[in-house]
Amino acid sequence: MPEIHGTTQLLGIIGHPVEHSLSPVMQNAALMHLGIDAIFLPFPVEPEHLPTALAGMAAIGVRGFNATIPHKQAVMPLLKTITPVAQQIGAVNTVWWDDGGWYGTNTDAAGFIAPLQELARDWSDVIPVVLGNGGAARAVVAGCVELGCPKVVVVGRNEEKLAAFEQSWTAPAIQQRLKVQTWDQLDNWLSRTQLLINTTPVGMAPNSDRSPIDAVQLAQLPGGAIAYDLIYTPRPTQFLIQAQATGATIIDGTEMLVQQGAAALERWVGQPAPVAVMRSALLKALE
Ligand code: NAP
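Residues numbered from 1 in each chain as written. Predicted model: local features only at pLDDT ≥ 70, side-chain atom pairs only at ≥ 80, totals over all residues. Heavy atoms only, no water.

> How do you make sense of unusual backbone geometry when you look at a structure like this?
It is generally the case that most residues other than glycine have a negative phi and that most peptide bonds are trans. The peptide bond linking Ile69 to Pro70 adopts the cis configuration, its omega dihedral lying at 10°. Following the sequence through the fold, Pro70 ends up in the loop between β3 (64-67) and α3 (71-74). One non-glycine residue with positive phi stands out, namely Asp99, at about 50°. Mapped onto the secondary structure, Asp99 falls in the loop between β5 (94-98) and β6 (101-105). Under the relative-accessibility criterion, Asp99 is labelled exposed at 58%. (Helix = DSSP H or I, 4+ residues; strand = E, 2+ residues; numbered from the N terminus. Buried < 20%, exposed > 50% of the residue type's maximum accessible area, 1.4 Å probe, protein only.)

Structure follows, in structure tokens:
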């Protein structure tokens, strides 16, 4: 843990519940490594207390915080300025105090694309297929468009929610590239995609024996494809084990978690985050 002094600055994460969050482990390891006089704390905030919590954090000089479920959307009307990426995604996960008000952004899309950018591929002819159309899928779609993918296919099980998802985007770059499909249409896309992403919670512990799609479907992926699961417990998931058996490159959800945290820390402290230190702290905590 960082040492606490009279000068120690406060950072943290608000959520309800927040006890499960791995962000304190990652962020405190990073703050200590950088020698910054700050500490990152979990703040349990019930939904009805959110405005009071933000006013209180402003009053005591909290420098910044992450927002997690259920506050990612609810916090938005309480902010002075929201970055375009967070407006598009419709959620804020990183907030900082500046110039007399709270500013918000979303670092999930940057976190999602970071391990893909490491692969140094040409994305201009890749049509990612995204399983699920919940909150995380929004960051994934924004990330895929930022990568330069010409089209993004989102597969969902509820037609009403899919239609709402499709209509919720305002940026022309996303509106023009997004295609929503129901699960029965998935097989039309599997043999054509180089990037298959699971954003559903299917396969997450304790249901670790489950996978959103079966081995026969995964075998349709073409050579060189990437299977990416946002889940980080277990690692790897059944989805990734089966995809790897077909020859796919696999990416689990830990790197997205590390990189969204690194991008948040850089906002708060204005210097490069020690990503390797954060990754190692996270992996140790997950063990
Ligand atoms: P969410 O908003 O609840 O969305 C989940 C999506 O999965 C919804 O579209 C839901 O469909 C669909 N789904 C749920 N069960 C399904 C099933 N049995 N079959 C087909 N579809 C199903 O959740 P989220 O916030 O997007 O999170 C999704 C996953 O991503 C979680 O496992 C979370 O831990 C992970 N995640 C990881 C990171 C990271 O940094 N690695 C970040 C964010 C999220 P309906 O709407 O029809 O129910």
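The rest of the description comes next.
> Explain the pattern of salt bridges here, please?
Where charged atoms from two side chains of opposite charge approach closely, those side chains can pair. Using the criterion set out here, one finds four salt bridges in the structure. Here Lys80 makes a salt bridge to Asp99, at a shortest N to O gap of 3.6 Å. Of this pair, Lys80 sits in the loop between α3 and β4 (81-82) while Asp99 sits in the loop between β5 and β6, and the two are 19 residues apart along the sequence. Across the pair Arg279 and Glu255 runs a salt bridge whose closest N-O atoms are separated by 2.8 Å. Here the residue Arg279 occupies a position in helix α13 (residues 275-286), and Glu255 occupies one in helix α12 (residues 254-269), the gap between them amounting to 24 residues. (Salt bridge = Lys/Arg side-chain N within 4 Å of Asp/Glu carboxyl O.)

> Help me understand the domain arrangement of the chain, please; the structure alone is not making it clear to me.
One frequent convention defines the size of an interface as the accessible area lost when the parts assemble. If you check the domain split of the chain, you get domain 1 (9-106 + 255-286) and domain 2 (109-252). On a C-alpha basis, the centroid separation for the pair domain 1 and domain 2 is 26 Å. Taken together, both faces of the contact between domain 1 and domain 2 bury some 1,200 Å²; the carbon and sulfur share is 69%. Among the residues domain 1 hides against domain 2, the three largest losses belong to Gln88, Ile89 and Met256. Together they make up 51% of the total. At the junction of domain 1 and domain 2, the tally comes to zero salt bridges. Put simply, domain 1 and domain 2 have three residue pairs in polar contact (both at pLDDT 80 or more) between them. Taken together, the elements giving at least two residues each to the side of domain 1 that touches domain 2 come down to α4 (84-89), α12 and α13. In terms of residue count, α12 provides more of the side of domain 1 that touches domain 2 than any other element does, five residues in total. (Domains from an automatic or database assignment. Buried area = accessible area lost by both parts, 1.4 Å probe. Polar contact = N/O pair within 3.5 Å; in protein donor to acceptor, adjacent residues only side chain to side chain.)

> Can you help me understand the sheet that holds β5 in this one?
Each strand in a sheet pairs with another by means of backbone hydrogen bonds, the pair being arranged parallel or else antiparallel. Taken together, the six strands give an open sheet; going across it, the order is β2-β1-β3-β5-β6-β4, and neighbouring strands pair in mixed fashion. The sheet is open, and its two edges are formed by β2 (38-44) and β4, each paired on a single side. In terms of strand pairing, β3 meets β5 through three bridges, oriented antiparallel. In the strand pairing of β5, Gly64 is matched with Trp96. Relative to β2, helix α1 (residues 23-34) is tilted by about 170°, and along the sheet it contacts β1 (9-15), β2 and β3. Across the face of the sheet, α12 comes into contact with β1, β2, β3, β5 and β6 while running at roughly 5° to β5. (Pairing = 2+ DSSP bridges. Contact = heavy atoms within 4.5 Å. Axes fitted to C-alpha atoms, helices over the stretch in contact; angles between N-to-C directions.)

> Any chance you could explain the site of the ligand here in plain terms?
In the vicinity of the ligand, 20 residues are found, and the nearest of them are Asn133, Ala136, Arg157, Leu230 and Gly253. Here an oxygen atom of the ligand and a side-chain polar atom of Lys161 are 3.0 Å apart. Taken by itself the ligand offers 930 Å² of open surface, and the protein chains cover 74% of this. Taking a 2 Å distance to the grid points as the criterion, the majority of the atoms of the ligand fall inside the largest pocket. Counting only elements with at least two residues in the shell around the ligand, the list comes to α6 (135-147) and α12. Looking at the shell around the ligand, its residues break down into ten nonpolar, eight polar and two charged. (Near = heavy atom within 4 Å. Areas by Shrake-Rupley, 256 points an atom, 1.4 Å probe, with all protein chains shown as cover. 1 Å grid on protein atoms, 1.4 Å probe; cavity = no way out; pocket = protein on both sides within 12 Å on 5 of 7 lines; lining within 4 Å. Sits in = over half its atoms within 2 Å of the grid points. Nonpolar A, V, L, I, M, F, W, Y, C, P; charged D, E, K, R; others polar.)

> What should I look at first to understand the sheet that holds strand β12 (residues 249-251) in this one?
The strand order β9-β8-β7-β10-β11-β12 describes an open sheet built from six strands, whose pairing is parallel. What marks the edges here is a single partner per strand, and that holds for β9 (178-182) and β12. When the angles between neighbouring strand axes are averaged without regard to direction, this sheet yields 20°. Pairing analysis gives three bridges linking strand β11 (residues 226-229) to β12, with the strands arranged parallel. Along β12, the bridge assignment pairs Ile226 with Thr249. Across the sheet, helix α11 (residues 238-245) lies against β7 (129-131), β10 (195-198), β11 and β12, angled at about 170° from β11, the strand it touches most.

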